[in-house]
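Observations on chain architecture
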Amino acid sequence: MKNIRNFCIIAHIDHGKSTLADRLLDYTGAVTEREKQNQLLDNMDLERERGITIKSHAIQMDYIHNGEHYILNLIDTPGHVDFSYEVSRSIAACEGALLVVDAAQSIQAQTISNLYLALENDLEIIPVLNKVDLPSANPEEVTDDIVDLLGCDPSEVIPASAKTGIGIEEILTAIIDRVPAPKGNPDEPLQALIFDSVYNPFRGVETYFRVINGKIKKGQHIKFIATGKDYYADEVGTLKLKQQPKQEINAGDVGYLITGIKEAKEVKVGDTITDAKNPTQNAIGGFEDVKPMVFAGIYPVDTEDYEELRTSMEKLQLNDASLVFQPESSAALGFGFRCGFLGMLHLEIIQERLEREFDMTVITTVPNVSYYAYTNKNPDEIVIVNNPTDLPEPSTLNRVEEPFIKASIITKADFVGPVMSLCIEKRGQITNQTYLTQERVELTFDMPLAEIVFDFYDRLKSVSRGYASFDYAPIGMRESKLVRVDILLNSQQVDALSALIHADNAYDIGKKMCEKLKELIPRQQFDIPVQAAIGAKIIARETIKALRKDVTAKCYGGDISRKRKLLEKQKKGKKRMRAVGNVEIPQQAFMAVLKLN
Ligand code: GTP
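Identification of the chain as Elongation factor 4 from Mangrovimonas spongiae is taken from an unreviewed UniProt entry. You can read under Catalytic activity (unreviewed entry) in the UniProt record for the chain the words "GTP + H2O = GDP + phosphate + H(+)". Recorded in UniProt under Subcellular location (unreviewed entry), the annotation for the chain is "Cell membrane".

Description of the packing of aromatic side chains
The full count for this structure, using the stated rule, is nine aromatic pairs. Ring plane angle 55° and centroid distance 6.4 Å describe the contact between F195 and Y208, whose orientation is recorded as tilted. Taken together, the residues F195 in strand β7 (residues 191–200) and Y208 in strand β8 (residues 204–213) connect sequence positions 13 residues apart. When the ring of F325 is compared with that of F337, the centres are 5.5 Å apart and the planes differ by 85°; the resulting orientation is edge-to-face. You can see F325 sitting in strand β18 (residues 324–330) and its partner F337 sitting in strand β19 (residues 334–341), a full 12 residues away along the chain. Both residues of the pair, F325 and F337, count as buried. One aromatic cluster is present, formed by Y306, F325, F335 and F337 through successive ring pairs. Geometry around Y374 places R399 over its ring, the cationic atom sitting 3.8 Å from the centre. The ring of Y467 is capped by K412, whose NZ or CZ atom sits 3.8 Å from the centre of that ring.

Focus on the state of the cysteines
Summed over the entire model, instances satisfying the criterion amount to zero disulfides. Looking at C94, it has no disulfide partner, and the nearest cysteine sulfur is the one in C8, 3.9 Å off.

What about the pairing of β8?
Of all 10 residues that make up β8, nine are buried, and the element is covered over most of its length. Across nine bridges, the pairing between β7 and β8 is antiparallel. Bridging across to β8, A192 finds its partner in V211. Counting the residues between successive antiparallel strands, the hairpin from β7 to β8 contains three residues. Bridging between β8 and strand β15 (residues 254–258) involves five bridges; their strand directions are antiparallel.

Some thoughts on helix α5 (residues 139–150)
An ideal rise of 1.5 Å per residue puts 16 Å on 12 residues; α5 measures up with 16 Å between its terminal C-alpha atoms. All buried positions along α5 are accounted for by V142, T143, D145, I146 and V147. Close packing links the buried residues of α5 with β4 (96–102), β5 (124–130) and β25 (440–448). Directly after α5, the chain includes G151, whose backbone phi takes a positive value near 65°.

Conventions adopted
- Residues numbered from 1 in each chain as written.
- Predicted model: local features only at pLDDT ≥ 70, side-chain atom pairs only at ≥ 80, totals over all residues.
- Heavy atoms only, no water.
- UniProt positions renumbered as here; feature names shortened; annotations may be inferred.
- Phe/Tyr/Trp six-rings, centres within 6.5 Å; stacked < 30°, edge-to-face > 60°.
- Helix = DSSP H or I, 4+ residues; strand = E, 2+ residues; numbered from the N terminus.
- Buried < 20%, exposed > 50% of the residue type's maximum accessible area, 1.4 Å probe, protein only.
- Lys NZ or Arg CZ within 6 Å of the ring centre and 35° of its normal.
- Disulfide = S-S within 2.5 Å.
- Pairing = 2+ DSSP bridges.
- Expected span 1.5 Å × (residues − 1).
- Contact = heavy atoms within 4.5 Å.

Now the structure itself:
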């Protein structure tokens, strides 16, 4: 055990976590030339395209230092707020963390939030100043920033370049010298932390764990404490680039487990594995059942594809335990599903996977967060509102609560004004303002989650010209004055376009929604009134004017192939449209409320 080191890499997005991981694997010979891919730890296609580590993994490296053989377990952490619970469990499986800071960008919001998570878990922090090869790097200044943040000595900061290989050996030496070896007792009952799982269609779910005490053996009868289910350990092993089956994994080490579990839901990140006959008395702390934060309806574009959509969603859920869904129906869209996601990125990923892996064309409705409503009849009973249409009638409504978050934003001093205005517009209340350096300020706000899950990132980027980073954590439910704004097209209410909006903004947003819908819904053979209403009261109105000309009219007399092309093009454009009554609504219109500015 004394020669094992368990560590993770924490960094703000794009500061070089994956590149550094890659470099370390390279240097320790964990990778053969043939196995080399661009970024080894992100192996889903989608991940590579987006450059975001979606699912955490782990990898073991062997390293000889001063004649001694060390085992270094690198536990990868996802880099996006949607997956922050997974980050916290990966961190809990380590004794040390490389804190990677971009030498040009310096400390950003996620640097700090991940650092706090690491400190809460008593991790030894090794600061790495990455990208020193960049001409725009500011090594002295950024080292000062790191020293200020950590209260460490400047000599502890390792200058590095994951790109050129500067500092890699120093980093490996620091991991061995500074990160403590795992403690734990191999003779106690088994106690292992699940920090990740991966779905494998052939072998079932692979569970990744860190043994805290005891050992886990091939064939052992084991139990998962939180789910209460028991299994036989068909296979255990360590994670090199390929899995290496072993007879047992001991206290302090990291490995994988295969038990024939077929559904991702059965394996919960944060759960404790123990022996079924001789269980530990202590579950590892910090277990949480991850809850979806954002809800939206997903409907097939073609109503006949409903059953196929259900099958596709079920298959997706097998390998993505955080996706939840249940059937719902909409007067406008027919049968579909209300789905829960960890965040907007997760929603986009699911939508994309449905299209790529299952060839489904779907309509996604306005996303919303989960509200608590209370009625006058039963003021203590929570009515969970995951869909605007579930909000009780205004006359029976006692109160509504909405989820709040603590938002942390780091920006340059020049942009404090615009950032504050944006946060206030988004119903934020400033709780703190700290100058990290003369140039850089950290602002903290309490804000409604609903205001930030949607277009907040983009707005923040634009008001700060890219010089702001952002992170958030939930802080519970707070009372709020919410109303449901309904949309009527051609005098018919379209339930899938309803949104829950703070009463103070309802008129303004209702008006903007009508304007936006007018712009997004194609003109048809007749005039279409677009109205916004709260209850029976109309609060805004626009009209989509009737179309006068046939699109193909200008081709008359022209050659037929050109005409066909135009019709094809029209058909393609139509793919993502749904006819509601006699009005064709394109996908973008369902998202209109998110894009009002
Ligand atoms: P996420 O996976 O999105 O969290 O990002 P990451 O932190 O893993 O960053 P990644 O390794 O993908 O690096 C981001 C970009 O920085 C890539 O284009 C890298 O090629 C580049 N990069 C990483 N390290 C260095 C470095 O030391 N020097 C230079 N010049 N570029 C680097």
